[in-house]
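Summary of the model geometry
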Amino acid sequence: MEYDAVSGILGLGNDYKSSFDYKAFEVSEENAEKLTRFEQDIKNHQKRTIESLMSMSKILYNARNILANNKNGTFCVWHENLGLNREAVSIMLKRYDLYLQTKNKNVMELPVRAVKAITKVESKFTGEQLNEIIESQKPIEKINDIVRQSDNIKQAIE
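Residues numbered from 1 in each chain as written. Predicted model: local features only at pLDDT ≥ 70, side-chain atom pairs only at ≥ 80, totals over all residues. Heavy atoms only, no water.

**A word on a nonpolar patch on the surface**
Our working definition: Patches here are clusters of residues that have more than 30% relative accessible area and form no salt bridge, with a 9 Å joining cutoff for like charges and a 5 Å cutoff for nonpolar side chains (Val, Leu, Ile, Met, Phe, Trp, Tyr). Under the convention used here, a 1.4 Å probe and the Shrake-Rupley method define accessible areas, while residue burial counts only the protein chains that appear. By convention in these notes, a salt bridge is any Lys or Arg side-chain nitrogen within 4 Å of a carboxyl oxygen on Asp or Glu. Buried means the residue's accessible area, taken with a 1.4 Å probe over protein chains only, is under 20% of the maximum for its type, while exposed means over 50%, and partly exposed covers the values in between.
A cluster of nonpolar side chains, contributed by Ile59, Trp78 and Leu82, occupies part of the molecular surface with about 300 Å² of accessible area. Of the residues examined, Leu82 reaches a relative accessible area of 52% and is grouped as exposed.

**Structural notes on helix H4 (residues 112-119)**
Worth spelling out the cut-off: In DSSP terms, a helix is any run of H or I states spanning at least four residues, a strand is any run of E spanning at least two, and both are numbered starting from the N terminus. This arc is built from the directions going out from the helix axis to the C-beta atoms.
Along H4, the positions that sit buried rather than exposed are Ala114, Val115 and Ile118. Along the axis of H4, the buried positions cluster into a sector of 100°, meaning they face one direction only.

**Quick look at unusual backbone geometry**
With phi around 55°, Glu26 is a residue other than glycine that occupies positive phi space. Within the secondary structure, Glu26 is located in the segment before helix H1 (29-67). In the Ramachandran plot, Lys103 falls in the positive-phi region, its phi being about 60° despite a non-glycine side chain. For Lys103, the position within the fold is in the loop between helix H3 (86-102) and H4.

**Concerning the confidence of the model for the chain**
Short version of the rule: Scored from 0 to 100, pLDDT reflects the predictor's confidence in each residue. Contacts are assigned to residue pairs with any non-hydrogen atoms lying within 4.5 Å of each other.
Of the residues in the chain, 86% reach a pLDDT of 70 or more, and the chain-wide mean stands at 87. pLDDT under 50 marks residues 7-12. Its contacts with residues more than four places away, or in other chains, come to 17 contacts.

Below is the structure:
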């Protein structure tokens, strides 16, 4: 069965280059070409997913603002009627709040655990620290490093 690639839809045109070393794993050139097209499609879908997540987060943020005055759980009933659970909506709203705070779309790519850690009530990260976390390849490790450094500074002051 021939594979029909969706190449170039979102800016990943024919100039896409794989960073995976297929030769090291003794993958044939024919299969490496197919797998590179698969990679390209995955990257396209990842980009669309992030764009959709951003759009949904913004919509939920605006809907919450409209329904906030009702003070009777209308927003929760509304989004549950759409099939969205409270946890998923909470994370999308936290992501959008972070986006509004940082103006960095990469917040949409953060792991859920990182979003929760950043937005905990007692968490106080500076704008610079937030950007370091968002841009990090390993955001959870970056959060832990910043917290450790902060704890060390507090202990030194005491």
